[in-house]
Amino acid sequence: MKNVLIIIALFVCTTGAMAQTEKGRFRVGGDVDLSFLNSDFDKRDYKVSEFNLDLNGGYFLIDDLSLDVGLFYNREKVDGYKDADSQLGAEIGARYYLPFKLMFGASFDVIVYDSGESVTGTGFNLKAGYAWFVKDNVAIEPGVQYRIGLSDEDDGTKCNNFGVKIGLSFYF
């Protein structure tokens with residue numbers, strides 16, 4: 001009897017989440033995350049901590065697959081330096097929802113660094129998480145992400161980071 005109740009509970013939890021990710025629906029949300037990274041700049045390694053605020057949204061092209069766009073603000077602190085740097089960026093990507101509300105995503109980022117002078121960079125972002133629907137159209141979304149910095153600079157500057165995040169999304 002206990003196994004039957006568990007199966008019914010799993011069925012109710014997973015089928016309820018599928019209605020939010022149907023073709024033609026929208027998602028609007030945001031996340032905050034804390035990341036730690038190693039930066040290879042000027043042939044030296046630097047330890048960096050970063051706080052990120054991300055506003056994003058998406059349109060479900062097909063069931064469970066959304067095309068996403070977003071804007072983000074980062075504030076980072078490099079060990080051994082007094083001042084913190086800020087970054088603004090935009091991203092375009094996709095997010096796919098699996099059964100049991102697991103989600104995976106990827107995006108391409110364009111970032112403008114402000115550290116005394118403006119520098120533009122690009123990156124690729126991989127995300128994984130869980131959509132916990134607290135109401136029919138509201139989900140709390142804990143997850144992890146790995147951002148891969150791509151460099152066009154002559155000095156070979158590259159930044160990769162791993163972060164944990166928590167988000168809130170509204171599904172329409």
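Residues numbered from 1 in each chain as written. Predicted model: local features only at pLDDT ≥ 70, side-chain atom pairs only at ≥ 80, totals over all residues. Heavy atoms only, no water.

Visitor: Can you break down the confidence of the model for the protein chain residue by residue, with the values?
Guide: When pLDDT is averaged along the protein chain, the result is 82; 77% of the residues meet or exceed 70. Confidence scores differ between elements of the protein chain, with helix α1 (residues 2–18) showing the lowest mean pLDDT of 49 and strand β7 (residues 132–135) the highest of 94. (pLDDT = per-residue confidence, 0-100. Helix = DSSP H or I, 4+ residues; strand = E, 2+ residues; numbered from the N terminus.)

Visitor: Explain the pairing of strand β3 (residues 65–78) to me, using residue names and the numbers behind them.
Guide: Of the two faces of β3, only the one carrying S66, D68, G70, F72, N74, E76 and V78 is buried; L65, L67, V69, L71, Y73, R75 and K77 on the other face are not. The turn joining β3 and strand β4 (residues 84–97), which pair antiparallel and follow one another in sequence, is formed by five residues; a positive phi near 95° is taken by G80. (Buried < 20%, exposed > 50% of the residue type's maximum accessible area, 1.4 Å probe, protein only. Pairing = 2+ DSSP bridges.)

Visitor: So what's going on with the pattern of salt bridges? Which residues, and what values?
Guide: Between side chains of opposite charge, a pair can form when the charged atoms approach closely. Overall, the coordinates contain seven salt bridges when judged by the stated rule. We note a salt bridge from R27 to D68, for which the minimum N-O separation is 3.3 Å. With a gap of 41 residues between them, R27 in strand β1 (residues 26–41) and D68 in strand β3 connect regions that are remote in the sequence. Its relative accessible area of 1% is what places R27 among the buried residues. Salt-bridge contacts for R147 lead to E50; the nearest nitrogen and oxygen are separated by 3.8 Å. Of this pair, R147 sits in strand β8 (residues 138–150) while E50 sits in strand β2 (residues 44–62); the two residues are 97 residues apart in sequence, bridging distant segments of the chain. Like E50, R147 is buried. Overlapping salt bridges, with partners in common, bring together R27, D68, R95 and E141 in one network. (Salt bridge = Lys/Arg side-chain N within 4 Å of Asp/Glu carboxyl O.)

Visitor: An account of the nonpolar core is needed here, citing residue identities and associated values.
Guide: Counting seven residues, the largest nonpolar core consists of F60, Y97, M103, A131, F133, A139 and Y171. Residues in contact with Y97, not counting those within four places in the same chain, are T21, R27, F60, D64, L102, M103, A131, E141 and Y171. (Core = buried A, V, L, I, M, F, W, Y, C linked by side-chain atoms within 4.5 Å. Contact = heavy atoms within 4.5 Å.)

Visitor: Outline the packing of aromatic side chains, listing residues and values.
Guide: Working definition: an aromatic ring pair is given by the centre-to-centre distance plus the angle between the planes. Counted by the stated rule, this structure contains five aromatic pairs. With 5.1 Å between their ring centres and 55° between their planes, F26 and Y59 make a pair best called tilted. Linking F26 in strand β1 with Y59 in strand β2, this pair joins segments that are 33 residues apart in sequence. Given a relative accessible area of 45%, F26 falls into the partly exposed group. Centroid distance Y97 to Y171: 6.4 Å. Interplanar angle 75°. Geometry classified as edge-to-face. (Phe/Tyr/Trp six-rings, centres within 6.5 Å; stacked < 30°, edge-to-face > 60°.)

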